[in-house]
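Chain by chain, the residues:
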Amino acid sequence: MDLDLPASATTKPYVLDILSLTNEARNAYGLRRQEYGRYRHHCTQRLHRIRKTLGFTHGKDKAFVARPITAETVTDEKYLHLLLFQAERAWGYAMEIKAISVSLDDTRKQSHYMARLKKAAKIAQQLESICSVKSGKVDVRTALDAQAYSAVMSGYVLFEAQQWQGALEKFSAARAIYDKLSLAGTSHQEALCHAAMDEIDPNIKFCGYRLRLAKDGVVDVEELVKMSAANKGLGSDVLMREIENLIAQTRQAKAQDLESISWRSKTLPLRNAKLATAILSAQEIAAEMKSQEGSTTEAKLEQFDKVLQSYAEAEKCVKSALKEDAIAAAKVKSSKSEQNTAELNMIATFISYSGLRHAIDRDLLLTEEIYNKLEGVEATADRSEDVQYQNLVKAYDNVVQNLTAIQELPGVVADVKLSAEVDNKLLYYKGWRCYFTATAYSKLSRHVEAIALFDRAQAYASQIRSGISRSGSSSPESDSFDVPETELRELESRIRGRKCQVHAAWYLENGQDGDNIESKLSSMSLDEDKADEVALIERLDTYPSSMPSKAHAVVPHLVEFPPNLQAIPAKPLFFDIAFNHMNYQHDALAERAGRARASQQGESAGGWFGSIWGRK
């Protein structure tokens, strides 16, 4: 975008990194512990030092002269620092008063708080007007940074005034700018932009909640920002052009430093600046997509489309470079030209490989979503008829086609290790495709075809195991196509389980013992005369041929109740009744021992009771 700058703007534009300055000052002077008074005191001292440095003091008492800062006044970057820290001082004072007013419930303090907050927003708007692109005083990034800072301060004022719609628009505008600025700048600036977005997001969510814009109780920040920009023109075409222009300039500056790329342990030099810019743009969009972990499937698919489009642009650039190289080589041939052509061909392979790799990831995301609707956590009994196993097979078919395209790339064919990995991955996804195709056939009661496809899927799994054993250890590359052992085991387990189900379903319909089963079923009778036969528990090894009638209250003859008396083995009882009829030679033993006769002792000890109970 061409900017109309004033004719007098011959000096280099000023650069004011607002996020960096405010973040360092806040963290160093009190805001780590919420000490707003200390931070306000620091801003006052800093303003005094800057004014003395610039000779821009007001004077004291009767000599006081108000000296406002305008676009014509700004002849040094320090004047912008004056406006920035005036706004920070007012904001810090407002936060200090808010903490006091909340604890004391003082209405006058709350009014004072709103007055300080409005003053901070007013000074931020003044800074935004001086730092606008039309003034030509600052660069584009500083202008956008000032615009976002002013939007945040104005959003705080509207938020405290409970004007939720206006606050949502301001916060959304600031977040949209910070989101774009994170793509154009250093890693430190990117981290600062993300931190600023994290501070804004809770306010956006609360505004959406008060405006009842939540869906199923969840407020989507990204959706609210897009909706606010579409409804109120925030992030208009002019602003978006400025941001895109800034991003393009940043990418060009980075592309000048990007001299080579590394792929598969090879270093490929980038001599074409346009090609380097295209590759860098694709890589940045891919990195941005990876950072959005918690986004919805639709948002991820949109990011995948952007990545694929960027790699398509990079393919156009490399084809143009190859065409120019071919024309140059046709005119003048040298030993160096062949090397340049080989390097360009390898870069073309890298770009095609990267684009196909992201296309595979996109298709796998679709397969995961379809599977969740069919069999996963999102599966329901009344699911839409549009979601069928055929859609899942089509998605896996796209994965197989992209892997086949990778397999045919010249650089992949020459790389034996990568070629073996792609072959195994291709067999792996062919196995899943056969698995879900067989599942679709089984749902249609075509069990023979399903069993044949399950056998084919098992054959693919066996080929993968043999290929892994031949190739050896996995590749250390981050973009390798290795098939993990856990995933392969899961595939084999799923195939075996579903194949057993299909076998059982086929036997239920077309079992080999069908005639015997029919004869046994026909022999079953409802005649009550046969209900008195042997109980079922006594004939578990035979098929039941009769059942009692259901028309009468007759239970199935399972067991005999009450049970019949049966002889059971038991321990015998011993009664010592022969003892009294045995005659032992006790007298002879007593004489030999020199004692009295045992009969005399027994008579005297037993007495009359002894004759009753027997001899002891």
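Residues numbered from 1 in each chain as written. Predicted model: local features only at pLDDT ≥ 70, side-chain atom pairs only at ≥ 80, totals over all residues. Heavy atoms only, no water.

Some thoughts on the overall build of the protein chain
The helix and strand tally for the protein chain stands at 20 helices and two strands. Counting contacts in the protein chain only where the partners sit at least 6 residues apart, residues at least 24 apart contribute 66% of the total. Accessible area for the protein chain stands at about 37800 Å²; split by element, carbon and sulfur atoms hold 53% of it. (Helix = DSSP H or I, 4+ residues; strand = E, 2+ residues; numbered from the N terminus. Contact = heavy atoms within 4.5 Å. Areas by Shrake-Rupley, 256 points an atom, 1.4 Å probe, with all protein chains shown as cover.)

Overview of the packing of aromatic side chains
Across all of its chains, the model carries 19 aromatic pairs by this definition. Ring geometry for Tyr396 versus Tyr429: centroids 6.2 Å apart, planes at 35 degrees, classification tilted. Residue Tyr396 is located in helix H13 (residues 389–407), and its partner Tyr429 is located in helix H15 (residues 416–443); the two are separated by 33 residues in the primary sequence. Residue Tyr396 shares its accessibility class with Tyr429, and that shared class is buried. Among the aromatic residues, those joined into a ring-pair cluster are Tyr371, Tyr389, Tyr396, Tyr428, Tyr429, Trp432, Tyr435, Phe436 and Phe454. Sitting above the plane of the Trp91 ring, Arg26 keeps its charged end 4.1 Å from the centroid. The cationic tip of Arg40 hangs over the ring face of Tyr93; the distance from NZ or CZ to the ring centre is 4.2 Å. (Phe/Tyr/Trp six-rings, centres within 6.5 Å; stacked < 30°, edge-to-face > 60°. Buried < 20%, exposed > 50% of the residue type's maximum accessible area, 1.4 Å probe, protein only. Lys NZ or Arg CZ within 6 Å of the ring centre and 35° of its normal.)

A word on the pairing of strand E2 (residues 266–269)
Along any regular strand, the residues point their side chains to alternate faces of the sheet. With four bridges joining them, strand E1 (residues 260–263) and E2 adopt antiparallel strand pairing. Residue pairing across strands places Ser262 opposite Thr267, the latter belonging to E2. With antiparallel pairing between neighbouring strands as the criterion, E1 and E2 make up a hairpin whose turn holds two residues, including Arg264 at a positive phi of roughly 55 degrees. (Pairing = 2+ DSSP bridges.)

Looking at the nonpolar core
One finds Leu275 and Ile351 to be the most contacted residues of the largest nonpolar core, which totals 68 residues. Among the elements of the structure, E1, helix H10 (273–291), helix H11 (297–331), helix H12 (335–374), H13, H15, helix H16 (447–471) and helix H17 (485–510) are those that each provide at least two residues to this core. Residues within four places of Ile351 in sequence aside, it is in contact with Leu275, Ile279, Tyr311, Ala314, Glu315 and Val318. In this structure, Tyr14, Tyr79, Leu80 and Met153 belong to the second largest nonpolar core, which totals 43 residues. (Core = buried A, V, L, I, M, F, W, Y, C linked by side-chain atoms within 4.5 Å.)

Concerning the environment of Glu302
Among the secondary structure elements, Glu302 is positioned in helix H11. C-alpha separation for the pair Glu302 and Arg362, spaced 60 residues apart in sequence, amounts to 9.9 Å.

Topic: H17
Taking 1.5 Å per residue, 26 residues should reach 38 Å; H17 reaches 37 Å between its end C-alpha atoms and fits that length. If you check which residues of H17 are buried, you get Leu488, Leu491, Glu492, Ile495, Arg498, Lys499 and Val502. (Expected span 1.5 Å × (residues − 1).)

Things to note about the pattern of salt bridges
With the rule as written, the count across this model stands at 15 salt bridges. Among the salt bridges present, the one from Glu485 reaches Arg489, with a minimum N-O distance of 3.1 Å. Of the two residues, Glu485 and Arg489 both sit in helix H17, four residues apart, roughly one turn of that helix. The class for Arg489 is exposed, based on a relative accessible area of 53%. Shared partners join several salt bridges into a network, and the residues in it are Arg465, Glu485, Arg489 and Glu492. (Salt bridge = Lys/Arg side-chain N within 4 Å of Asp/Glu carboxyl O.)

Considering unusual backbone geometry
Here the phi dihedral of Gln34 falls at roughly 60 degrees; this positive angle occurs in a residue that is not glycine. Despite not being glycine, Ser445 shows a phi value in the positive range, around 60 degrees. Along the chain, the position of Ser445 falls in the loop between H15 and H16. When its relative accessible area of 44% is taken as the criterion, Ser445 is described as partly exposed.

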